[in-house]
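Residues per chain are reported as follows:
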Amino acid sequence: MQIRSTFKNFFYAALILCATLTANAQVDSSQLGFSALQAQANVLAGQGKLVEARPLLLELVQRVQATETPDEEMRLDFTYFLIGTSYIQEFVNSGNKSLLEETISWYARLESEYSDSMKMKDMVFKRIDVYRVLEQETNAIKEMKKILSGGYPSMRLSYTDRVKLLKDITQVHYAKDMLQEGLPFFKMLILSFVLHAHLP
């Protein structure tokens, strides 16, 4: 009986300790200094734990936006990208498509405020995938056409990027039974293969 009682007391103490640690973790983001906050967010993001990093990232955004004269080191483009992508990660785990609307919203902020960002290409390619998951093929086609026509001046496409885009836009047109509209992109895809095959 004494052993059982001791074990029970130990179990309850462990539960209280866990609850205390959890409560402390929940208020940490607002109590951390800016550098420490940024460091913790970077660690979680580096581990691929974007959903867990999101509260820290949101706190970073709030603090930077509250700064009257933020300097270049306080750019939020990568932070916006991570927050938007965190909702993709959460969607993959939950299947809740409404989360992807948050992705689109944060990606739009990145494009609006930091059109010169190095994350623009990653963001735009992910946004195309999001549109397709949401069955917003019109938006996906519009985005791909904009890229292929040079609508993003800061974006440089590799051969692999271009081929992927041409494959995807051809596939979307085919799936929507828009064969006539998709034919020019199919021809461009074939031409890309032919030209690449003849490169030294």
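Given the structure is predicted, the values throughout are model-derived calculations rather than measurements. (Residues numbered from 1 in each chain as written. Predicted model: local features only at pLDDT ≥ 70, side-chain atom pairs only at ≥ 80, totals over all residues. Heavy atoms only, no water.)

**Overview of helix α5 (residues 99-113)**
- Taking 1.5 Å of rise per residue, 15 residues should cover 21 Å, and α5 covers 22 Å from first to last C-alpha, within 8% of that figure.
- All of the buried residues along α5 are Leu99, Leu100, Thr103, Ile104, Trp106, Tyr107 and Leu110.
- Structurally, α5 contributes buried residues whose contacts are with α3 (50-65), α4 (77-94) and α6 (120-133). (Helix = DSSP H or I, 4+ residues; strand = E, 2+ residues; numbered from the N terminus. Expected span 1.5 Å × (residues − 1). Buried < 20%, exposed > 50% of the residue type's maximum accessible area, 1.4 Å probe, protein only. Contact = heavy atoms within 4.5 Å.)

**Side note on the pattern of salt bridges**
- In the structure shown here, the tally under the stated rule is 12 salt bridges.
- Here Glu143 makes a salt bridge to Arg127, at a shortest N to O gap of 2.6 Å. On the criterion of sequence distance, the pair formed by Glu143 in helix α7 (residues 137-148) and Arg127 in helix α6 is long-range, its members being 16 residues apart.
- Residue classification places Glu143 among the buried residues on the basis of a relative accessible area of 6%.
- Taken together, the salt bridges that share partners define one network made up of Glu111, Arg127, Glu143 and Lys146. (Salt bridge = Lys/Arg side-chain N within 4 Å of Asp/Glu carboxyl O.)

**Quick look at the environment of Leu44**
- By the element assignment, Leu44 lies in helix α2 (residues 34-46).
- Measuring from C-alpha to C-alpha, the distance between Leu44 and Arg54 comes to 9.2 Å, with 10 residues separating the pair along the chain.
- Setting aside its immediate chain neighbours within four residues, Leu44 contacts Lys49, Glu52, Ala53 and Leu56.

**Quick notes on the packing of α6 against helix α8 (residues 159-175)**
- It is at 13 Å that the axes of α6 and α8 come closest, and there the two elements cross at 20 degrees. Taken together, the axis directions place α6 and α8 in an arrangement best described as roughly parallel. The way α6 lies across α8 gives a crossing that is left-handed. The segment α6 lies against α8, with Lys121, Phe125, Ile128, Asp129 and Arg132 engaging Asp161, Lys164, Leu165, Asp168, Gln171 and Val172.
- Here the residues of the contact of α6 with α8 sort into four nonpolar, one polar and six charged. (Axes fitted to C-alpha atoms, helices over the stretch in contact; angles between N-to-C directions. Parallel < 35°, antiparallel > 145°, perpendicular 65-115°, else oblique. Left-handed = near helix turned anticlockwise from the far one by under 90°. Nonpolar A, V, L, I, M, F, W, Y, C, P; charged D, E, K, R; others polar.)

**Let's talk about unusual backbone geometry**
- The phi dihedral of Glu135 is positive, around 60 degrees, even though this residue is not glycine.
- Within the secondary structure layout, Glu135 lies in the loop between α6 and α7.
- A positive phi angle, near 60 degrees, is found at Asp177, a position not held by glycine.
- Assignment of secondary structure puts Asp177 in the loop between α8 and α9 (179-197).

**Structural notes on a nonpolar patch on the surface**
- Together, Tyr159, Leu183, Phe186, Ile190, Phe193 and Val194 give the surface a local cluster of nonpolar side chains, amounting to about 490 Å² of exposed area.
- When residues in the nonpolar patch are grouped by element, the largest group, five residues, is from α9.
- Topologically, Phe193 is positioned in helix α9. (Patch = residues over 30% accessible without salt bridge, like charges linked within 9 Å, V, L, I, M, F, W, Y side chains within 5 Å. Areas by Shrake-Rupley, 256 points an atom, 1.4 Å probe, with all protein chains shown as cover.)

**Here's the deal with the environment of Met74**
- Mapped onto the elements of the fold, Met74 is located in the loop between α3 and α4.
- Residue classification places Met74 among the partly exposed residues on the basis of a relative accessible area of 24%.
- Not counting residues up to four positions away in its chain, the partners in contact with Met74 are Val64, Thr67 and Tyr114.

**Description of the side chain of Asp168**
- Along the chain, Asp168 turns up in helix α8.
- Residue classification places Asp168 among the buried positions, given a relative accessible area of 13%.
- Once residues lying within four places of it in the same chain are set aside, the contact partners of Asp168 are Arg132 and Met144.

**A closer look at the packing of aromatic side chains**
- The tally for this structure, following the rule as stated, stands at four aromatic pairs.
- Considering the side-chain rings of Phe78 and Phe81, the 6.5 Å spacing of their centres and the 15 degrees angle between planes classify their relative orientation as stacked. With Phe78 and Phe81 both in helix α4 and three residues apart, the pair spans about one turn of that helix.
- Residue classification places Phe78 among the partly exposed positions, given a relative accessible area of 42%.
- Considering the side-chain rings of Tyr80 and Trp106, the 5.5 Å spacing of their centres and the 55 degrees angle between planes classify their relative orientation as tilted. With a gap of 26 residues between them, Tyr80 in helix α4 and Trp106 in helix α5 connect regions that are remote in the sequence. (Phe/Tyr/Trp six-rings, centres within 6.5 Å; stacked < 30°, edge-to-face > 60°.)

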